[in-house]
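# Structure at a glance
Chain by chain, the residues run as shown.
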Amino acid sequence: MIDTLHCLLAVVEHRSLSRAATQLEMSVSSVSRKLDALEAQLGARLLVRGARQVALTDAGERFLPRARNMLAELAEGMAAVQELDREPRGVLTVTAPAGFSRLHAAPAIASFLARYPSLEVELLVGDNVVDLAEQRVDVAIRAGVAPSGELVATRLAPQHRVVSASPAYLECHGWPASPAELVQHQCLTMVGKSPRAWWRFDGVNHNQPLPVKAAFRCDDTDTLLHAALAGAGIVHLANWMVCDAIVAGTLVPVFPMAPLARATSSRHDPAESAIHAVHMPGRSSHAKAQLLISHLKEFFGDPPYWDVAMEKAGAAKRRAP
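Scope of this entry: the structure provided in the associated data block. (Residues numbered from 1 in each chain as written. Predicted model: local features only at pLDDT ≥ 70, side-chain atom pairs only at ≥ 80, totals over all residues. Heavy atoms only, no water.)

### A closer look at the pairing of strand E5 (residues 139-144)
Within E5, five of the six residues are buried, leaving the element largely enclosed by the surrounding structure. In this sheet, E5 lies alongside strand E3 (residues 90-96) in parallel orientation, the contact comprising two bridges. Note that in E5 the partner of Thr95 across the bridge is Ala140. (Buried < 20%, exposed > 50% of the residue type's maximum accessible area, 1.4 Å probe, protein only. Helix = DSSP H or I, 4+ residues; strand = E, 2+ residues; numbered from the N terminus. Pairing = 2+ DSSP bridges.)

### Some words on the environment of Glu298
Looking at the secondary structure, you find Glu298 in helix H10 (residues 286-300). Owing to a relative accessible area of 52%, Glu298 belongs among the exposed residues under this scheme. In this structure, the C-alpha to C-alpha distance between Glu298 and Leu156, residues 142 residues apart in sequence, is 8.9 Å. A polar atom in the side chain of Glu298 sits 3.0 Å from the side chain of Arg115. (Polar contact = N/O pair within 3.5 Å; in protein donor to acceptor, adjacent residues only side chain to side chain.)

### A short note on the sheet that holds strand E7 (residues 161-165)
Here three strands make up an open sheet; going across it, the order is E10-E7-E11 and the pairing antiparallel. Lying at the two open borders of the sheet, with one neighbouring strand each, are strand E10 (235-238) and strand E11 (252-253). On top of the sheet, helix H9 (residues 239-248) reaches E7, E10 and E11; it is set at about 110° to E10, its chief contact. (Contact = heavy atoms within 4.5 Å. Axes fitted to C-alpha atoms, helices over the stretch in contact; angles between N-to-C directions.)

### Notes on the side chain of Asp138
Structurally, Asp138 is set in the loop between helix H6 (132-135) and E5. A polar contact of 2.8 Å, which involves the side chain of Asp138, links it to the backbone nitrogen of Thr93.

### Comments concerning the packing of helix H1 (residues 2-14) against helix H3 (residues 28-42)
Remark: H1 packs on H3, axes separated minimally by 9 Å, with the N-to-C direction vectors making an angle of 110°. Here H1 lies roughly perpendicular to H3, going by the angle between them. For the pair H1 and H3, contact is made by Asp3, Thr4, Cys7, Leu8 and Val11 and by Val31, Lys34, Leu35 and Leu38, respectively. (Parallel < 35°, antiparallel > 145°, perpendicular 65-115°, else oblique.)

### Some remarks on the pattern of salt bridges
Side-chain pairing between opposite charges can occur once the charged atoms of the two side chains come close. Evaluation of the coordinates by the stated rule reveals five salt bridges. Of the charged contacts, one joins Arg102 and Asp222 as a salt bridge, the two residues approaching to 3.6 Å between their closest N and O atoms. One end of the pair, Arg102, is in helix H5 (residues 98-115); the other, Asp222, is in helix H8 (residues 221-229), and 120 residues separate them in sequence. A residue is classified by how much of its surface remains accessible, and Asp222, at 22% relative accessible area, is partly exposed. Among the ionic contacts, a cluster of salt bridges with common partners joins Asp36, Glu39 and Arg49. (Salt bridge = Lys/Arg side-chain N within 4 Å of Asp/Glu carboxyl O.)

### Digging into H8
Every buried residue of H8 is listed here: Leu224, Leu225, Ala227 and Ala228. Down the axis, H8 shows its buried residues gathered within 165° of arc, on one side only. In this structure, the buried side of H8 is in contact with strand E8 (189-190), strand E9 (217-218), E10 and H9. Count one or two residues on from H8 and you reach Gly231, which has phi positive near 90°. (Arc of directions from axis to C-beta.)

### Here's the deal with the packing of H1 against helix H2 (residues 17-24)
At a minimum axis separation of 8 Å, H1 and H2 run at an interaxial angle of 125°. Taken together, the axis directions place H1 and H2 in an arrangement best described as oblique. Read as a crossing pair, H1 and H2 show a hand that is right-handed. For the pair H1 and H2, the contacting residues are His6, Cys7, Ala10, Val11, Glu13 and His14 in the first and Leu17, Arg19, Ala20, Gln23 and Leu24 in the second. Looking at the contact of H1 with H2 residue by residue, the class counts come to six nonpolar, three polar and two charged. (Left-handed = near helix turned anticlockwise from the far one by under 90°. Nonpolar A, V, L, I, M, F, W, Y, C, P; charged D, E, K, R; others polar.)

### Re the environment of Gln159
As for its placement among the helices and strands, Gln159 is situated in the loop between strand E6 (152-158) and E7. Placed 115 residues apart in sequence, Gln159 and Ala274 show a C-alpha to C-alpha distance of 4.4 Å. Those residues within four positions of Gln159 in sequence are excluded, and the remaining contacts are Ala143, Gly144, Ala238, Asn239, Trp240, Ser273, Ala274 and Ile275. A polar atom in the side chain of Gln159 sits 2.8 Å from the side chain of Ser273.

The following block contains the structure:
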């Protein structure tokens, strides 16, 4: 059938059996027999074959676009199957927040490139949310709630904040017994773009943000982290940001951390804060983007490796004499 449809298209293009046969490297009689068989199968004449020229019948005019579509779909299907066995190559453009890029995205992408050496990744680091279509971004790694609209978001890992401080600060100023006592301490907080829930805790202060004291405020979370390491106060930063310091013992969780939970379903509350990989549907780089997203999920783990490390560090300290 495929060869027959190619014969039909060639005859229509050249308006001649002989010229079509030359292009197809077939005899005129072979082309004619294939057309006869097609017309017999369809039960309709597709071509008027004159001595000098060939023309489409009404049935042929109606069948021709369908023949073209069948061949196009077949070609796309074959290409998709062949792509499975072909080494992926090309460039992926990725964006990610600065802190997450340094700590987690860069190592994950390095591992990805080791697995797929014919691919290249261009990582654009910044905390601003960019327009994926305008900036021609294939994958955006974003922290927060899942975006709405036409963008497709894949949840990579949960995100929650951990109240922590340096051992030196806690030794000097004491240890808050509950979140309500944070108002008696120096709390390092965001300025300008701080979310209202930054110092909010369930069941505390009628579920409203605590009016904490903040002698040191900054618009950069990485700077707040280093201020906390220097003993300037208590921070409430993302789990993926403070994990290394907590494992090293240079920061201490002020309150017990929630037990780790493994995802049992791919369905999550869209209002839940998490790390997401966001992409646009229908892009030509969709297959490569999916490879990266799958690798990120595998690399981060479930639960993510930073939460596992903090839990192990806490367990080790609890066992210590």
